[in-house]
Amino acid sequence: MTAVSEVPAPGAVRPPARGSAELAAVIAEIAEDASRRRTRGGTEGPQRAVELIREHRLGAVRVPREHGGGGYTLQDLFDLVIDLAEADPDVPHIVRVHYAFVEEVLRAPRTERKDAWLPEILSGKLFGGASSELSTRAVGSYSFESTLTPAPGGYRLDGVKFYSTGSLYSDFIRVSANLPDGKALSAIVPADRAGIVHKDDWDGIGQRHTGSGTTVFENVAVEESETLPFRGGDEETRPRQALPQLYLHAIAAGILRTVTTESAELIRSRKRSFVFAVAEEPRHDPQLLEIVGTLSAAAFAAESVVRAAAAAQDVAADIARIAGVDARLEQQAAVLAAKVKVSIEDIALRAAGRLFEVGGASATRESAHLDRHWRNLRTLFSHNPTVYKARVIGDLVVNETPLPDTGFF
């Protein structure tokens, strides 16, 4: 790896600007590919979409323009996530860890070791994650069964990771493991390095093509230069990493857009109604129109609260890039991200169910694939139980109890 230049190379491919025709064409092709794969049985993964993300450097949208990136704000990024999720919710989920890694690289203090990854990001390479394990250890404890054993020139990595979202499609994998002294360390290794086995065994009810299954590491060589401090180091103020939590709900907002669109299409395509309906044509039935209006409002509400919380993320991230993590700003951003989760989940799941009310019995056919919205939302919302987030918010409001010191908040 080489250090990044402050000036982009001549002729370098830049990410498309927000609102550009190039970006709109990319998103349209991703949507068309998703539709094609559904009509073919839904067993094929979004390889074409991932190729488009690499080709158009969407993984570098948050890198400053002076470095050759897109210069997006976090609000811009979340708008992009919503757009991508409307096209195919698996796709933004695949690159969720990638965007979190980019934030880590750009956050102060800037180091040669972190900067060395910027050329890879700018070239279109994608970074997946492998942190969670199926073990008896409490989620968020940051204690792993995977190990990094010192070896000449670096380490040897061993372990089994589950929920390794995006790793199946990525060029590099960011892995969390314990050193012999019990401290955690992060390793970033090529996804095709000897000793790494990807198992496409994710069998969740939703988000089925996110590559969220098992990754096995057996005696994998890790160079010293391929390591970074876990969670940004042992400094007193560390990033709360609420961004990946809010990110999931941006995907949900995109899904709700599609729920609204498909509900309208269902009514327009229906040729008959019931003898006891209040209108001969479903498209003019006020009861059905009320449902669509409610679904549209739910999509608007979800998108609005995500964007409001993204604004707080922007403030915290801007300071973190200049002066390092500000604990107060990080907490404000984390609280808003948690409130988004608590506020929209019931609304979103209800909306995905009400979609069937405008379509009649034929909407339940498996070939219609309309159940995918509820399944995808339910899977997204199962990341970190809402009841815990609501309890912590209430404890903060009533008792000013600090937030848990974990990246899941």
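Residues numbered from 1 in each chain as written. Predicted model: local features only at pLDDT ≥ 70, side-chain atom pairs only at ≥ 80, totals over all residues. Heavy atoms only, no water.

1. Digging into the overall build of the chain
At step 1: In terms of helices and strands, the chain carries 12 helices and eight strands.
At step 2: By principal-axis analysis of the C-alpha atoms, the chain measures approximately 80 × 55 × 40 Å.
At step 3: Out of the 409 residues belonging to the chain, those deemed buried represent 52%.
At step 4: Considering only residue pairs separated by 6 or more positions, the chain has 76% of its internal contacts joining residues 24 or more positions apart.
At step 5: As presented, the chain carries roughly 18,500 Å² of accessible surface, and 54% of it is formed by carbon and sulfur atoms.
At step 6: Between the mean site of the 47 positive side-chain charges and the mean site of the 55 negative ones, the chain shows a separation of 3 Å. (Helix = DSSP H or I, 4+ residues; strand = E, 2+ residues; numbered from the N terminus. Buried < 20%, exposed > 50% of the residue type's maximum accessible area, 1.4 Å probe, protein only. Contact = heavy atoms within 4.5 Å. Areas by Shrake-Rupley, 256 points an atom, 1.4 Å probe, with all protein chains shown as cover. Lys, Arg positive; Asp, Glu negative; His and termini not counted. Charge placed at Lys NZ, Arg CZ, Asp CG, Glu CD.)

2. So, the packing of aromatic side chains
At step 1: In total, this model carries 12 aromatic pairs according to the counting rule given.
At step 2: For the pair Phe-101 and Trp-117, a centre-to-centre distance of 6.5 Å together with 75 degrees between the ring planes defines the contact as edge-to-face. Separated by 16 residues along the polypeptide, Phe-101 in helix 5 (residues 96-106) and Trp-117 in the loop between helix 6 (112-115) and helix 7 (118-122) bring together distant segments of the chain. No difference in accessibility class separates Phe-101 from Trp-117, as the two residues are buried.
At step 3: Between the aromatic rings of Phe-162 and Tyr-163, the centroid separation amounts to 4.7 Å while the plane-to-plane angle is 55 degrees, which identifies the pairing as tilted.
At step 4: Geometry around Phe-409 places Lys-389 over its ring, the cationic atom sitting 4.8 Å from the centre. (Phe/Tyr/Trp six-rings, centres within 6.5 Å; stacked < 30°, edge-to-face > 60°. Lys NZ or Arg CZ within 6 Å of the ring centre and 35° of its normal.)

3. Considering the UniProt feature "domain: Acyl-CoA dehydrogenase C-terminal" (unreviewed entry) in the chain
At step 1: Listed under "domain: Acyl-CoA dehydrogenase C-terminal" (unreviewed entry) in the UniProt record, and renumbered for this structure, are residues 250-384.
At step 2: Helix makes up 71% of residues 250-384 and strand 0%, whereas the separation of the span's terminal C-alpha atoms amounts to 16 Å. (UniProt positions renumbered as here; feature names shortened; annotations may be inferred.)

4. Quick notes on a nonpolar patch on the surface
At step 1: Nonpolar side chains collect at one region of the surface, where Phe-274, Val-275 and Phe-276 lie side by side and expose about 430 Å² of accessible area between them.
At step 2: Inspection of the secondary structure puts Val-275 in the loop between helix 8 (243-269) and helix 9 (286-322). (Patch = residues over 30% accessible without salt bridge, like charges linked within 9 Å, V, L, I, M, F, W, Y side chains within 5 Å. Salt bridge = Lys/Arg side-chain N within 4 Å of Asp/Glu carboxyl O.)

5. Structural notes on the packing of helix 10 (residues 327-354) against helix 11 (residues 371-381)
At step 1: Viewed as axis vectors pointing N to C, helix 10 and helix 11 meet at an angle of 160 degrees, and their least axial separation amounts to 9 Å. The angle between helix 10 and helix 11 places the two elements in the roughly antiparallel class. Considering the relative orientation of helix 10 and helix 11, their crossing is left-handed. When helix 10 is examined against helix 11, the residues Lys-341, Glu-345, Ala-348, Leu-349 and Ala-352 are found in contact with a partner set consisting of His-373, Trp-374, Leu-377, Arg-378 and Phe-381.
At step 2: Its residues assigned to classes, the contact of helix 10 with helix 11 shows six nonpolar, one polar and three charged. (Axes fitted to C-alpha atoms, helices over the stretch in contact; angles between N-to-C directions. Parallel < 35°, antiparallel > 145°, perpendicular 65-115°, else oblique. Left-handed = near helix turned anticlockwise from the far one by under 90°. Nonpolar A, V, L, I, M, F, W, Y, C, P; charged D, E, K, R; others polar.)

6. What to know about the nonpolar core
At step 1: Residues Ile-30, Phe-78, Leu-80, Tyr-99, Leu-246 and Leu-377 are the most contacted members of the largest nonpolar core, which totals 73 residues.
At step 2: Those residues in contact with Leu-80 that lie beyond four places of it in its chain are Arg-18, Leu-23, Ile-27, Val-61, Tyr-72 and Tyr-99.
At step 3: Grouped together as the second largest cluster of nonpolar side chains are 16 residues, Ile-173, Val-175, Val-189 and Val-220 included. (Core = buried A, V, L, I, M, F, W, Y, C linked by side-chain atoms within 4.5 Å.)

7. A few points about the layout of surface pockets
At step 1: If you add up the space inside the second largest pocket, you get close to 480 Å³.
At step 2: Surrounding the second largest pocket, 23 residues form its lining, Arg-38, Gly-42, His-369, Arg-372 and Arg-375 being those nearest its centre.
At step 3: Listing elements by their share of the lining of the second largest pocket, those giving two or more residues are helix 1 (21-39) and helix 11.
At step 4: For the lining of the second largest pocket, the element with the highest residue contribution is helix 11, accounting for four residues.
At step 5: For the lining of the second largest pocket, a count of residues per class yields five nonpolar, seven polar and 11 charged. (1 Å grid on protein atoms, 1.4 Å probe; cavity = no way out; pocket = protein on both sides within 12 Å on 5 of 7 lines; lining within 4 Å. Points joined across faces, edges and corners; volume = space filled by probe spheres on them.)

8. A closer look at the packing of helix 1 against helix 2 (residues 47-55)
At step 1: Contact geometry of helix 1 with helix 2 gives a least axis separation of 9 Å together with a crossing angle of 170 degrees. Comparing their axes, helix 2 and helix 1 come out roughly antiparallel. Facing helix 1, whose interface residues are Val-26, Glu-29, Ile-30 and Asp-33, helix 2 presents Arg-48, Ala-49 and Leu-52.
At step 2: The residue makeup of the contact of helix 1 with helix 2, split by class, is four nonpolar, no polar and three charged.

9. Quick look at the pairing of strand 4 (residues 172-178)
At step 1: In terms of burial, strand 4 is largely enclosed, as seven of its seven residues are buried.
At step 2: Side chains of strand 4 alternate between two faces, with Phe-172, Arg-174, Ser-176 and Asn-178 and Ile-173, Val-175 and Ala-177 buried alike.
At step 3: By the bridge criterion, four bridges tie strand 1 (residues 127-130) to strand 4 in an arrangement that is parallel. Counted as the bridge partner of Gly-129 is Arg-174 from strand 4.
At step 4: Note: strand 4 against strand 5 (residues 184-190), seven bridges, orientation antiparallel. Looking at strand 5, one finds that Ile-173 is bridged to Val-189. (Pairing = 2+ DSSP bridges.)

10. Some points on the domain arrangement of the chain
At step 1: With domains assigned, the chain is organised as domain 1 (21-125), domain 2 (130-231) and domain 3 (242-399).
At step 2: If you average the C-alpha positions of domain 1 and of domain 3, the two centres end up 21 Å apart.
At step 3: Across the boundary between the two partners, domain 1 contributes 24 residues, which contact 33 residues of domain 3.
At step 4: For domain 1, the biggest contributors to the area lost against domain 3 are Phe-78, Ile-82 and Arg-96; these three give 27% of the whole.
At step 5: Our count for the domain 1 to domain 3 interface comes out at three salt bridges.
At step 6: In terms of residue count, helix 3 (residues 74-87) provides more of the side of domain 1 that touches domain 3 than any other element does, nine residues in total.
At step 7: Residue composition of the side of domain 1 that touches domain 3, by class: 13 nonpolar, three polar and eight charged. (Domains from an automatic or database assignment. Buried area = accessible area lost by both parts, 1.4 Å probe.)

11. Structural notes on the UniProt feature "domain: Acyl-CoA dehydrogenase/oxidase N-terminal" (unreviewed entry) in the chain
At step 1: In the numbering used here, UniProt assigns the "domain: Acyl-CoA dehydrogenase/oxidase N-terminal" (unreviewed entry) feature to residues 28-125.
At step 2: The span residues 28-125 carries 61% helix and 0% strand; its end-to-end C-alpha distance comes to 22 Å.

12. Re the environment of Leu-168
At step 1: One can find Leu-168 in the loop between strand 3 (154-161) and strand 4.
At step 2: Between the alpha carbons of Leu-168 and Leu-336 there is a distance of 31 Å; along the sequence they are 168 residues apart.
At step 3: Look past the residues within four positions of Leu-168 in its chain and what remains in contact with it is His-198, Asp-200 and Gly-211.

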